[in-house]
Amino acid sequence: MFFCTFATIMSETNIVTGQYVRISQTPASVGERMAAQLIDWVVQVAYVVMWVMYAPHFSQLAMVCLVLLPVMLYCPLCEMLSGGQTIGKWLVRLRVVMADGTLPSPSAFLLRWMLMIADGPTLGCIGVLVMILNRSNQRLGDMAAGTLVVKLQSYSKIQVSLDEYAYLAKDYRPAYPQATDLSLEQVDIISRALELDQPERLSQLSQKVQQLLGVSRRESNDEFFLRRVVRDYRYYALEEV
């Protein structure tokens, strides 16, 4: 009930990539963010209690280095090392991303962490109020750093969507020039099969495409291979325009 009180109706936030492609994502709700934060606090408290119980004779310098600093830097270090996740965010399936869906820089992680003093309990949980009042459920630290907290599932979809338009980048290098041998109808069939996301069908289609083009798959799975072939086809199609 506590989290429900603060929960808001999740709304979509539009991302516009450098190629002017618009992608929609759904920010994490206030309740989900608070749940992740509570888990992180439990982890931090448990860490401190463990050291106090099992290492009571450590010097003050050792306690500062082994206890105080890790607890203070817990959030930015975890997020930098795990691609935008703390233990709490990992359990609740959330991730910190930039407003364009990319991974934040170390400076962005540090900036949003530094503003925790304004967002957190020290100043009356202003961050909760700010999250409730803005459409993307951002706290002050997120606004300053240009970050969002999104569901991990939403983030995965964003990465797939961004990857779909990679062939528009100036430095894109096709892996399969043979993709030009495909017809528009064949590319359309591959695209529709990818939307259905049926592994067995994708495996069969991947084998047929490899035989048709006379190539061997370089990607880690059939889906990635087919997506790359489609991107390469589109790349060469644009070159001919």
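Since the model is a prediction, treat every value here as computed from it, not as a measurement.

## Describing the environment of G101
The topology assignment puts G101 in the loop between β3 (94–98) and α6 (106–114). Here the alpha-carbon distance between G101 and T147, two residues 46 residues apart in the chain, equals 8.8 Å.

## Observations concerning α6
What α6 keeps buried is the set A108, F109 and R112. Buried positions in α6, seen along its axis, are confined to an arc of 100° and lie on one side of it. Exposed and facing more than 90 degrees away from the buried side of α6 are S107 and M114.

## Topic: a nonpolar patch on the surface
On the surface, a nonpolar cluster with roughly 540 Å² of combined accessible area is contributed by V45, V49, M50, M53 and Y54. Looking at where M53 falls in the secondary structure, it is placed in helix α2 (residues 30–54).

## Structural notes on the environment of P104
Relative to the helices and strands, P104 resides in the loop between β3 and α6. In this structure the C-alpha to C-alpha distance between P104 and G83, which are 21 residues apart in sequence, comes to 8.3 Å. Among residues more than four places away in sequence, those in contact with P104 are V96, V97, M98, F109 and T147.

## Considerations on the nonpolar core
Counting residues in each nonpolar core, the largest one holds 18 residues, and the members touching the most others are L182, I190, V209, F225, L226 and V229. For this core, the elements supplying multiple residues, two or more each, are α11 (184–196), α12 (199–213) and α13 (222–240). Among the elements that make up this core, the one with the highest residue count is α13 (five residues). Sequence-distant contacts of F225, that is, excluding residues within four places in its chain, are made with Y176, S206, V209, Q210, V215, R217 and E219. In terms of nonpolar packing, the next biggest core, distinct from the first, is built from six residues, A36, L94, V96 and F109 among them.

## A short note on the packing of aromatic side chains
Tallying each qualifying case throughout the model produces three aromatic pairs. Taken together, a centroid distance of 6.3 Å and an interplanar angle of 70° make the contact between Y47 and W51 edge-to-face. Placement of the pair is Y47 and W51 together in helix α2, with a separation of four residues, close to one helical turn. Plain terms: the ring middles of Y176 and F225 are 5.3 Å apart, the flat faces sit at 85° to each other, and that makes the pair edge-to-face. Of this pair, Y176 sits in the loop between α10 (152–164) and α11 while F225 sits in helix α13, and the two are 49 residues apart along the sequence. A cation sits over an aromatic face here: R218 above Y176, 5.1 Å from the ring centre.

## Concerning the confidence of the model for the protein chain
Averaged over all residues, the pLDDT of the protein chain is 80; the fraction at 70 or higher stands at 78%. Below a pLDDT of 50 lies the segment residues 1–12, which in the model reaches 28 contacts outside its immediate sequence neighbourhood of four places, other chains included. Here residues 14–22 is a poorly scored stretch, pLDDT under 50, and it has 19 contacts once near neighbours within four places are set aside; other chains count.

## Points about the pairing of strand β4 (residues 147–151)
Most of β4 is tucked away, with four of its five residues classed as buried. Across five bridges, the pairing between β3 and β4 is antiparallel. In the sheet register, V96 faces β4, and the bridge partner there is V149.

## Things to note about the packing of helix α4 (residues 74–81) against α6
In contact at an axis separation of 9 Å, α4 and α6 are set at 155° when each is read in the N-to-C sense. On the basis of their axis angle, the class for α4 and α6 is roughly antiparallel. Of the two elements, α4 crosses α6, and the hand of that crossing is right-handed. Facing α4, whose interface residues are C75, P76, E79 and M80, α6 presents P106, F109, L110, R112 and W113. Considering only residue class, the contact of α4 with α6 consists of seven nonpolar, no polar and two charged.

Rules used in this analysis
Residues numbered from 1 in each chain as written. Predicted model: local features only at pLDDT ≥ 70, side-chain atom pairs only at ≥ 80, totals over all residues. Heavy atoms only, no water. Helix = DSSP H or I, 4+ residues; strand = E, 2+ residues; numbered from the N terminus. Buried < 20%, exposed > 50% of the residue type's maximum accessible area, 1.4 Å probe, protein only. Arc of directions from axis to C-beta. Patch = residues over 30% accessible without salt bridge, like charges linked within 9 Å, V, L, I, M, F, W, Y side chains within 5 Å. Areas by Shrake-Rupley, 256 points an atom, 1.4 Å probe, with all protein chains shown as cover. Salt bridge = Lys/Arg side-chain N within 4 Å of Asp/Glu carboxyl O. Contact = heavy atoms within 4.5 Å. Core = buried A, V, L, I, M, F, W, Y, C linked by side-chain atoms within 4.5 Å. Phe/Tyr/Trp six-rings, centres within 6.5 Å; stacked < 30°, edge-to-face > 60°. Lys NZ or Arg CZ within 6 Å of the ring centre and 35° of its normal. pLDDT = per-residue confidence, 0-100. Pairing = 2+ DSSP bridges. Axes fitted to C-alpha atoms, helices over the stretch in contact; angles between N-to-C directions. Parallel < 35°, antiparallel > 145°, perpendicular 65-115°, else oblique. Left-handed = near helix turned anticlockwise from the far one by under 90°. Nonpolar A, V, L, I, M, F, W, Y, C, P; charged D, E, K, R; others polar.

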